[in-house]
Amino acid sequence: MSAPQPAAAPKPLFVGDQGRRLTIRDLARAKRRGEHWPMLTAYDAYTAGVFDEAGIPVLLVGDSSADNHLGYDSTVPVTLDELIMLGRAVVRGTKRSLIVSDLPFGSYEESPEQALRTAVRLMKEVGCGAVKLEGGVRSAAQIEKIVTAGIPVMAHLGYTPQSVNGFGGPMVAGRGADAAKRLREDAEAVQEAGAFAVVLEVVPAPLAEELTASLEIPTVGIGAGAGTDGQVLVWTDFAGMTPGRTPSFVKKYADLRGVLGDAARAFGRDVVGGAYPDAEHSFS
């Protein structure tokens, strides 16, 4: 009798090829292994395909598309129909990444029933693997309703951009004893309601690390230090497409705006000067 073969080592989320779409179970396993993983936003098929091929395990069709893709001045105006259109493109452009779709402002706050209707539309019309919504204790009933229907939910705590008008602008969430206590209560509430993961945005690094250690579900940081399980950035920020200043926590990994600008200027010069199209790029 041959000796039993040792179990294969688990494949990492980043770059590791599972030969299938990743699921929330993969993220739970990564949490148990202490594995860190990246997440990016995506709003179209081509960039989503690039990130998918690069091994990014989770892509978020975020309401951040409003002010980073569609030209709005905040996340508030983007509609459910717009996010459905963008999400369908992202799903079509990818093969491996877990696709998470945001519930936009006004599509879930009214009641758990409204939240479920929105989540069902996203799952059916986008084909995503999970949805995301903002809020802790105030959104726990919505999360529970959606999860009970069999739809995975990623929660979002800390600075929640859909509430920017209530905050009066970007702010660090969880500073001070009272604010930290509320954030802990929010984190416990979304976990108890059934969320499979939680985004922590613009939260003091020590508090985010504490929450990551105390929660059973993965945490995803954005401006929350290095102690979270995952890290997410808006793709136009990290790739250098965003004009003007970006948040201080953003590291720019490319100057894509500069590259595209140089290419457009070179094309313009060639057209004006008669260098394009030349014989090589013409039909005889």
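This is a predicted model, so every value here is computed, not measured.

Caption draft 1: Broad picture of the overall build of the protein. Helix and strand content of the protein: 11 helices and 8 strands. Here the C-alpha radius of gyration of the protein, 21 Å, is about what a compact globule of 284 residues would show, namely 19 Å. For the protein, the spread of C-alpha atoms along the three principal axes comes to 70 × 70 × 35 Å. Taken over 284 residues, the protein has a buried fraction of 49%. Taking the contacts inside the protein whose residues are at least 6 apart along the sequence as the reference set, 56% of them involve residues at least 24 apart. As presented, the protein carries roughly 14500 Å² of accessible surface, and 57% of it is formed by carbon and sulfur atoms. Of the charged side chains in the protein, 28 are positive and 34 negative; the average position of the first set lies 4 Å away from that of the second.

Caption draft 2: Representation of the domain arrangement of the protein. Split into domains, the protein comes out as domain 1 (13-253) and domain 2 (256-284). Here the C-alpha centre of domain 2 lies 39 Å away from the C-alpha centre of domain 1.

Caption draft 3: The packing of aromatic side chains, seen in detail. In this structure the tally under the stated criterion is 4 aromatic pairs. Here Phe238 and Tyr253 contribute two aromatic rings whose centre-to-centre distance is 5.9 Å and whose plane-to-plane angle is 50°, an arrangement assigned as tilted. Here Tyr253 lies in the loop between helix H10 (235-238) and helix H11 (256-273) and Phe238 lies in helix H10, a separation of 15 residues in the sequence. Judged by relative accessible area, which is 17%, Phe238 ranks as buried. For Tyr253, a relative accessible area of 55% puts it in the exposed group. Their ring planes at 65° and their centres at 6.0 Å tell us that Phe267 and Tyr276 sit as a pair that is edge-to-face.

Caption draft 4: Structural context of the pattern of salt bridges. Tallying each qualifying case throughout the model produces 11 salt bridges. Residue Glu125 is joined to Arg121 by a salt bridge in which the shortest nitrogen-to-oxygen separation is 2.8 Å. With Glu125 and Arg121 both in helix H5 (residues 112-126) and 4 residues apart, the pair spans about one turn of that helix. Classification of Glu125 by relative accessible area gives partly exposed; the value is 35%. Note that Lys181 and Glu185 form a salt bridge whose closest N and O atoms lie 2.6 Å from each other. Linking Lys181 with Glu185, this pair stays in helix H8 (residues 177-193), spanning 4 residues, or about one helical turn. Here Lys181 falls in the partly exposed class, since its relative accessible area comes to 47%.

Caption draft 5: Summary view of the UniProt feature "binding site: 3-methyl-2-oxobutanoate" (unreviewed entry) in the protein. UniProt records the feature "binding site: 3-methyl-2-oxobutanoate" (unreviewed entry) for Asp63, Ser64, Asp102 and Lys132 in the present numbering. In three dimensions, the annotated residues from a span of 70 residues occupy one location, with a maximal C-alpha spread of 12.3 Å. Looking at where Asp63 falls in the secondary structure, it is placed in the loop between strand S2 (58-61) and helix H3 (65-68). If we ignore the near neighbours within four places in the chain, the residues touching Ser64 are Thr41, Tyr43, His69, Thr75 and Val234.

Caption draft 6: The pairing of strand S7 (residues 219-222), seen in detail. Of the two faces of S7, the one lined by Thr219 and Gly221 and the one lined by Val220 and Ile222 are each fully buried. Relative to S7, strand S6 (residues 197-201) runs parallel, the two being bridged by 4 bridges. Counterpart to Val199 in the pairing with S7 is Val220. Between the parallel elements S6 and S7, the chain passes through helix H9 (residues 205-214) in a crossover that is right-handed. Taken together, the 2 bridges between S7 and strand S8 (residues 230-233) define a ladder with parallel strand orientation. Paired with Gly221 across the strands is Gln231, a residue of S8.

Procedures and definitions
Residues numbered from 1 in each chain as written. Predicted model: local features only at pLDDT ≥ 70, side-chain atom pairs only at ≥ 80, totals over all residues. Heavy atoms only, no water. Helix = DSSP H or I, 4+ residues; strand = E, 2+ residues; numbered from the N terminus. Rg over C-alpha atoms; globule rule 2.2 N^0.38 Å. Buried < 20%, exposed > 50% of the residue type's maximum accessible area, 1.4 Å probe, protein only. Contact = heavy atoms within 4.5 Å. Areas by Shrake-Rupley, 256 points an atom, 1.4 Å probe, with all protein chains shown as cover. Lys, Arg positive; Asp, Glu negative; His and termini not counted. Charge placed at Lys NZ, Arg CZ, Asp CG, Glu CD. Domains from an automatic or database assignment. Phe/Tyr/Trp six-rings, centres within 6.5 Å; stacked < 30°, edge-to-face > 60°. Salt bridge = Lys/Arg side-chain N within 4 Å of Asp/Glu carboxyl O. UniProt positions renumbered as here; feature names shortened; annotations may be inferred. Pairing = 2+ DSSP bridges. Right-handed = clockwise from strand over helix to strand, strands pointing away.

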